[in-house]
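An overview of the molecular structure
Chain by chain, the residues:
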Amino acid sequence: MTTIGIIGLGSFGLRVLYQLAEMDVSVIVLDKDHDKVEKVKALSKDAYITDAINEETLRRVIPEDVDAVVVDLGNEMEASILVTNKLHKMGIKTIVVKATSDDHGEILRIVGATHVIFPDLDAAINITPLLTTAAMLSHNQLSKTFALAEVMVIKNLEEKNLAECGLRQKFNLNLIAIRMNSEEEYQLVSGTKLVLKEGMHLLVAGDNNAIRAYVSIAESEQKTIAHKKEPKKTLFKRLISRG
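Now for a quick tour of the structure. Going along each chain's sequence as written, the residues are numbered from 1 onward. Whole-chain, interface and lining totals are the exception, using all residues; otherwise, since this is a predicted model, local features are given only for residues with pLDDT of at least 70 and side-chain atom pairs are given and counted only at 80 or more. Neither water nor hydrogens contribute to the side-chain values; these are computed over all heavy atoms in the structure.

This part is about the overall build of the protein. For the protein, the helix and strand inventory stands at nine helices and eleven strands. When we talk radius of gyration, it's over C-alpha atoms, and the globule rule is simply 2.2 Å times the number of residues to the 0.38. A compact globule built from 243 residues should have a C-alpha radius of gyration of about 18 Å, whereas the protein, at 25 Å, is more than 25% larger. The C-alpha extent of the protein, read off along each of the three principal axes, is 80 × 50 × 35 Å. Partly exposed residues are those whose accessible area sits between 20% and 50% of the maximum for their type, while under 20% is buried and over 50% is exposed, using a 1.4 Å probe and protein chains only. Burial statistics for the protein: of 243 residues in total, 40% are counted as buried. Counted as positive: Lys and Arg. Counted as negative: Asp and Glu. His and the chain ends are not counted at all. Charged side chains are reduced to one point each, which is NZ for Lys, CZ for Arg, CG for Asp and CD for Glu. Within the protein, the 33 negative side-chain charges are centred at a point lying 11 Å from the centre of the 30 positive side-chain charges. Working definition: helices are DSSP H or I runs of at least four residues, strands are E runs of at least two. Numbering for both runs from the N terminus.

Pasting the structure below:
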């Protein structure tokens, strides 16, 4: 069974714990806050109330063959750096650490972190594309240039199957999954016989430029539809005023 250690129950550490609790994973939790540990100990195999900076404690509670360790010590930058370095010296292969700044992240990598997480920055990166357009339903930036996005089917692709629409050839996008609305679960796409329907949500993967180009087409369609509807509303108001 996979064993994961979580050192520090900050907001990021807690979210990881809640996600792991739904999987077949053995979790070891360590935090110096008694109340935090008491609240989540039922979700873990072992829970310890202690200071993680103590190297003897780390070696006692974190097995050397642990699959990964997540470190979230809140704003305690120095403590997170020391703990990361101790885990690295113990030979832990995967060390995921929450950072509070670029400088903090750079130091964490130097002392042994294999993955540095910037929760606030990641949230900002993923939310800003949604603020600038209504044509994108969700967005997840996977790297500096590559992302996953949920978009609507544009008019030109409606009633065409995947072989006909050329989503990959014309738009440089790979279709991963579909759903008809935000309440449904995604259905993975296989083969080329799937027919794209009006109102269908597409989960696509591609570089940022390809996604922006597709979304710009969807935006233009939305503006055209809104423009066509506007004169009817104006005429209706005029008729009411005359009556």
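We now examine helix α5 (residues 102–111). Every buried residue of α5 is listed here: H104, G105, L108 and V111. Within α5, the buried residues cover an arc of 130° as seen down the axis, which keeps them to one side. Opposite its buried face, α5 presents the exposed residues D102, D103 and I110, each directed more than 90 degrees away. Any two residues whose heavy atoms approach within 4.5 Å are treated as being in contact. In this structure, the buried side of α5 is in contact with α4 (77–89), β5 (95–98) and β6 (115–117). One or two residues past the end of α5 sits G112, with phi positive at roughly 130°. Throughout, the arc means the angular range of directions from the helix axis out to the C-beta atoms.

Within soluble globular proteins, side chains that are nonpolar generally end up buried alongside one another. By nonpolar core is meant a set of buried Ala, Val, Leu, Ile, Met, Phe, Trp, Tyr and Cys residues that side-chain atoms within 4.5 Å join together. I7, I62, V69, V71, V83, L87 and I92 are the most contacted members of the largest nonpolar core, which totals 25 residues. Elements represented by at least two residues in this core include exactly β2 (25–31), α3 (55–61), β4 (68–71), α4, β5 and α5. Among the elements that make up this core, the one with the highest residue count is α4 (four residues). Every residue in contact with V69, bar those within four places of it in the chain, is listed here: G5, I7, I62, L87, I92, T94, I95 and V96. Residues V153, I154, V204 and V215 belong to the second largest nonpolar core, which totals 24 residues.

What follows covers the side chain of D72. The residue D72 is located in the loop between β4 and α4 in this model. Identification of polar contacts relies on pairs of N or O atoms within 3.5 Å, with a donor-acceptor requirement for protein atoms, meaning one able to donate a hydrogen and the other able to accept it, and with residues adjacent in sequence counted only if both atoms are side-chain atoms. Within the structure, the side chain of D72 is placed 3.4 Å from the backbone nitrogen of G10, a separation counted as a polar contact. A polar atom in the side chain of D72 sits 3.4 Å from the backbone nitrogen of S11. Other than its neighbours up to four places away in sequence, D72 contacts I7, G8, L9, G10, S11, F12, G13 and K98.

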